[in-house]
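Residue strings, one per chain:
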Amino acid sequence: DKKIIDEVKIIRPDVIFIDPERLESEEKRAIETIKPDINKILKIYGDFCKNICIEMPPRIKLESLKKLGEFEAEYLSYKNKLSRLNLYFGDLKKCEVSAADVNGARLEKNECTIPIKKVINPLKYLYEPTSAIEVSNTINELCFQIKAFIIEKASDEKVLLSSEILTDSEYVKLTKPYRVLGF
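Residues numbered from 1 in each chain as written. Predicted model: local features only at pLDDT ≥ 70, side-chain atom pairs only at ≥ 80, totals over all residues. Heavy atoms only, no water.

## A closer look at the packing of aromatic side chains
Each aromatic ring pair is described using two quantities: the centre-to-centre distance and the angle formed by the ring planes.
1) Next: Inspection of the entire model under this criterion finds two aromatic pairs.
2) Next: Between tyrosine 45 and phenylalanine 48, the aromatic rings sit 5.7 Å apart at their centres with planes inclined by 65 degrees, giving edge-to-face as the arrangement. Across the pair, phenylalanine 48 and tyrosine 45 agree in class, each one buried.
3) Next: A ring pair is formed by phenylalanine 71 and phenylalanine 89, whose centres lie 5.6 Å apart and whose planes are at 50 degrees; its orientation type is tilted. With a gap of 18 residues between them, phenylalanine 71 in the loop between β2 (52-56) and β3 (72-78) and phenylalanine 89 in the loop between β4 (81-88) and β5 (97-101) connect regions that are remote in the sequence. (Phe/Tyr/Trp six-rings, centres within 6.5 Å; stacked < 30°, edge-to-face > 60°. Buried < 20%, exposed > 50% of the residue type's maximum accessible area, 1.4 Å probe, protein only. Helix = DSSP H or I, 4+ residues; strand = E, 2+ residues; numbered from the N terminus.)

## Focus: the sheet that holds β2
Hydrogen bonds between backbone groups are what pair the strands of a sheet, and the pairing can be parallel or antiparallel.
1) Next: Pairing is mixed across the open sheet formed by six strands, whose spatial order is β1-β2-β4-β3-β5-β6. Each of the sheet's edge strands pairs with one partner strand only, and the pair in question is β1 (16-18) and β6 (106-108). Between one strand and the next, the sheet's axes are offset by a mean angle of 20 degrees, whatever the strand orientation.
2) Next: Note that β5 and β6 share three bridges and pair antiparallel. Bridge assignment links alanine 100 to a residue of β6, and that residue is arginine 106.
3) Next: This element, helix α2 (residues 38-46), spans β1 and β2 of the sheet and lies at about 165 degrees to β2. (Pairing = 2+ DSSP bridges. Axes fitted to C-alpha atoms, helices over the stretch in contact; angles between N-to-C directions. Contact = heavy atoms within 4.5 Å.)

Purely geometric stuff here, so don't read any function into it on its own.
This is how it looks when you write it as structure tokens:
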């Protein structure tokens, strides 16, 4: 709507947040079915505001969004479940990919090159990472931050972490911790 665009141009906001419409009946999310057209939105509003946040369906394939340009993909968890995918453009972008929780913990993917040790059996504590950690592929960064190991698994089950200590790191908010009573 040209009237809305003209009003926003006059205001000159520092940040624009866009929550586009998605088809409820759609089984597999695709950028082409999101309304309004994200490419057009970025072109129109990007001319006068570079800091844009777009909320996207959290299970959309990140590769399909690369044509939008340079952005940070932040996967957000609520109650240990994947809830949102926010794309940050301009100065809002801090890294390529991050995982966050509504309780305030945020972990940036940094291509962690520290080898994470694996264990076969659980230690004293188990940590179940949020879905945001799994989708953002920040499991190594989380292991490093909470001093945990990945439990080797026989199938494609959920990734579990284990440690001898119950850490007080803020990053524990990105997990559901458990005490192992016996094994």
